[in-house]
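Summary of structural features
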Amino acid sequence: MSDNLIETRRQKLQQLRDLGIDPYGGRMDRILPNRMLREKVERLKIEAGQTSEVKNRVAGRIVLLRNIGKLIFITLRDSTGDFQLGLSKSMLPENEWKIAKLLDLSDIVVADGHLGRTKTNEPTLWAEHLHLQCKALRPPPEKWHGLSDPDIRYRQRYVDLFTNPEVMRTFRQRVLILNTVREYLVERSFLEVETPTLQPIYGGAAARPFTTHHNTLDIDLFLRISPELYLKRLLVGGMERVFEFSRNFRNEGIDTRHNPEFTLLEAYQAYGDYNDMMDLAEGLVTCCIDRLGGGMVRKYGEKEIDFTVPWPRRKYADLVKEFAGVDMWDSAAVRAKAASIGIEKKHAAEAVLIADLYDHFVEPNLLNPTFVMDWPADLCPLTRRDPSDPRIAQRFELIVNGMELANAYTELNDPAVQEATLRKQLAGQGDETMAVMDEDFIQALEYGMPPAGGIGMGLDRLVMLLTGNPSIRETILFPLQRPKARVPGEQGGADSPAGPDTAPGVTKS
RNA sequence: GCGUCGCUAGCUCAGCUGGUAGAGCAGCGGAUUCUUAAUCCGCGGGUCGUAGGUUCGAGUCCUACGCGACGCACCA
């Protein structure tokens, strides 16, 4: 049936073998990335129709193939871009010309030859030798429209990456952003650390966890929802500045801003406070934008977001007053306003109602980066209270396009207050999946933690905003998808590769 | 979990108020030494997401289920 396309390629594979050619290639040195080849053609000032004497090697996947008989033009793609390869019957050894005639879209090749430009001025490597590096058995998607079905794009990201250059570009930019964040912090004496992903007690955020089990110890464990409590232990230990790129796992819904596993930057700075974290956030993001290029005013869908610093630092209460028209300390007004939008939780703490008003009226309306600071203390169990007003906690969220990009505190380092707020938090949440008190964390605080500022920044979301992608799934290489049911008897499939019963000893680690 | 929309060839998509499936690209055969989504001539390719139902007749209408996208809820 539909295996005709694959069967045809299998036959070509056999023809290649009959020619004495290994269709799966091997080691190749001195490969120049396509972007460098392009730059080189510019530097050599080669004119249309000319070919230089300099020899080069090109490698890539065939994404376009134009067969003109005794002349074949191939567009090769690598992660840096495309480059044209010219194959001429008169320039290739006889056997290699036979390979050329058996090439298909998606095959991977290496070629040696001279850089030049065609008569139509296209930078081209004219091949003297052609090396087949991998015969592709499956055909690529449509060459003009590419692969657009999001389902297939996410499940078969490998096809998405070599088919859609803008996808490759996003993930290369993600690498640049993460490297920039790392360098920025390392330059400022932050130590990059790794703390447990498997935790016997989870905390540091409010979310349902994934659970797992360790067989030998016979204990249940949780995949971390946050590294916060471990990083604070390091402050106690004397590491004054620490950060971690933390993969967090939250057993919650999936939408354009949430993936069950996501990457959070968490950083802590002893003797600092949340004002330092605002400076840090501005510095980090600005530095990333400088590296990416494109300026501080960036397109995001139909909108434009202005990242020019300094970003407004607004008080939570002022914003609630401005957008909801309510004094958040006026209990009756808060309840009335909440009721007016259909929020009527009889037993809800007042802080929860205030948060509902904020979520409804304020947050969606903040487009440009805005620090929302000084939150109601009852919403912030891990945050230091304002010395002059205990109702307020020294916390901010950084909001961009109505989305929480970062969350930061002046950290609470009073063990007595910490224990009290955590117990209050636990009491308010009757859900049996909620955390138990982390006694060791309290004990650590009793040994003494320096005052500190701490921040958590969603790196996937940062990549969304800076690359202009509307969904977090466009910034995560393999976002979670529900597995498709296998058709009995069908080989392969588009699912995630390894099942749970993968034989031991086959992994590299 | 709820709602809306979608699922037709390997890919991108048409297919009206029900009448028995189409295009482009890819593929196959042929021509072609400067193409750029190459071009020209010819050819093959489908369990219309799955299972039921209505009907003389279903890609089209109905029901259920599966998967996805978006929105809502959840995510302090």
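To start, this report covers the structure provided alongside it. (Residues numbered from 1 in each chain as written. Chains lettered and ligands numbered in written order. Predicted model: local features only at pLDDT ≥ 70, side-chain atom pairs only at ≥ 80, totals over all residues. Heavy atoms only, no water.)

**Looking at the overall build of chain A**
When helices and strands are counted, chain A shows 14 helices and 19 strands. A principal-axis box enclosing the C-alpha atoms of chain A has dimensions of 85 × 55 × 50 Å. For chain A, buried positions account for 47% of its 509 residues. Considering only intrachain contacts with a sequence separation of at least 6, the fraction spanning at least 24 residues in chain A is 66%. (Helix = DSSP H or I, 4+ residues; strand = E, 2+ residues; numbered from the N terminus. Buried < 20%, exposed > 50% of the residue type's maximum accessible area, 1.4 Å probe, protein only. Contact = heavy atoms within 4.5 Å.)

**Concerning helix α9 (residues 316–324)**
If you check which residues of α9 are buried, you get Tyr316, Leu319, Val320 and Ala324. Taken around the axis of α9, the buried residues stretch over an arc of 100 degrees, which confines them to a single face. The elements touched by buried residues of α9 are β14 (313–315), α10 (331–340), α11 (350–362) and β15 (370–376). At the C-terminal side of α9, glycine 325 shows a positive phi close to 70 degrees. (Arc of directions from axis to C-beta.)

**As for unusual backbone geometry**
Each neighbour pair has its own omega, and for valine 309 with proline 310 the value is 0 degrees, a cis peptide bond. Within the fold, proline 310 resides in the loop between β13 (303–306) and β14. Look at serine 189: it is not a glycine, yet its phi comes out positive at around 70 degrees. According to the relative accessible area criterion, serine 189 is exposed, its value standing at 53%.

**Examining the sheet that holds strand β4 (residues 108–117)**
Judged by pairing direction, the barrel is mixed, and its five strands sit side by side in the order β1-β2-β3-β5-β4 before closing back on the first. With direction set aside, neighbouring strand axes in the sheet form an average angle of 55 degrees. With eight bridges connecting them, strand β1 (residues 51–67) and β4 associate as antiparallel partners. In the sheet register, lysine 55 faces β4, and the bridge partner there is histidine 114. Most of the contacts of helix α3 (residues 94–101) go to strand β5 (residues 123–134), to which it runs at about 85 degrees, and overall it touches β1, β2 (71–78), β3 (81–88) and β5. (Pairing = 2+ DSSP bridges. Axes fitted to C-alpha atoms, helices over the stretch in contact; angles between N-to-C directions.)

**Re the packing of aromatic side chains**
Following the criterion strictly, the structure yields eight aromatic pairs and no others. Aromatic pair tyrosine 316 and tyrosine 358: ring centres 4.6 Å apart, planes at 20 degrees, arrangement stacked. On the criterion of sequence distance, the pair formed by tyrosine 316 in helix α9 and tyrosine 358 in helix α11 is long-range, its members being 42 residues apart. Tyrosine 358 matches tyrosine 316 in its accessibility class, with the two residues each being buried. The ring of phenylalanine 162 has arginine 61 lying over it, and the distance from NZ or CZ to the ring centre is 3.9 Å. (Phe/Tyr/Trp six-rings, centres within 6.5 Å; stacked < 30°, edge-to-face > 60°. Lys NZ or Arg CZ within 6 Å of the ring centre and 35° of its normal.)

**Some words on the pairing of strand β8 (residues 211–214)**
Pairing between β8 and strand β9 (residues 219–223): four bridges, direction antiparallel. Bridge assignment links threonine 212 to a residue of β9, and that residue is leucine 221. Hairpin geometry of β8 and β9 is characterised by an intervening segment of four residues between the two adjacent antiparallel strands and by a positive phi of about 55 degrees at aspartate 218.

**Some points on the protein's contact with RNA strand B**
The immediate surroundings of RNA strand B are formed by 51 residues, with Thr120, Ala206, His258, Arg473 and Arg482 found nearest. The sugar and phosphate moieties of RNA strand B supply 58% of its atoms located within 4 Å of the protein. Taking asparagine 67, its main chain carries an N or O atom lying 2.9 Å from a base nitrogen of RNA strand B. Breaking the surface near RNA strand B down by element, the ones donating at least two residues are α1 (4–18), β1, β2, β3 and α4 (150–155). The element best represented in the surface near RNA strand B is α4, accounting for five residues. When grouped by side-chain class, the residues that make up the surface near RNA strand B number 18 nonpolar, 18 polar and 15 charged. (Near = heavy atom within 4 Å. Polar contact = N/O pair within 3.5 Å; in protein donor to acceptor, adjacent residues only side chain to side chain. Nonpolar A, V, L, I, M, F, W, Y, C, P; charged D, E, K, R; others polar.)

**Description of the pattern of salt bridges**
Applying the stated criterion across every chain yields a total of 34 salt bridges. Between arginine 9 and aspartate 107 there is a salt bridge whose closest N-O contact spans 4.0 Å. Here aspartate 107 lies in the loop between α3 and β4 and arginine 9 lies in helix α1, a separation of 98 residues in the sequence. Residue arginine 9 is classed as buried on the basis of its relative accessible area, which comes to 8%. Taking the shortest distance from any N to any O, the salt bridge between arginine 247 and glutamate 261 comes out at 2.6 Å. Here the residue arginine 247 occupies a position in strand β10 (residues 241–249), and glutamate 261 occupies one in strand β11 (residues 261–270), the gap between them amounting to 14 residues. Classification of arginine 247 by relative accessible area gives partly exposed; the value is 41%. Connected through shared salt-bridge partners, Arg9, Lys12, Asp104, Asp107 and Lys135 make up one network. (Salt bridge = Lys/Arg side-chain N within 4 Å of Asp/Glu carboxyl O.)

**With respect to the sheet that holds β8**
On the basis of which strands lie adjacent, the open sheet formed by three strands has the order β7-β9-β8 and antiparallel pairing. With partners counted over all chains shown, the strands left at the sheet margins are β7 (198–199) and β8, one partner each.

**Focus: the nonpolar core**
Formed by 43 residues in total, the largest nonpolar core has its most connected members in Ile177, Leu265, Phe307, Phe396, Leu398, Ile455 and Met457. The biggest single contributor to this core is helix α8 (residues 274–292), with ten residues. Apart from residues no more than four positions distant in its own chain, isoleucine 177 is found in contact with Cys288, Leu292, Leu462, Val463, Leu466 and Thr467. Membership of the second largest hydrophobic core comes to 27 residues, among which are Leu37, Ile72, Ala111 and Leu125. (Core = buried A, V, L, I, M, F, W, Y, C linked by side-chain atoms within 4.5 Å.)

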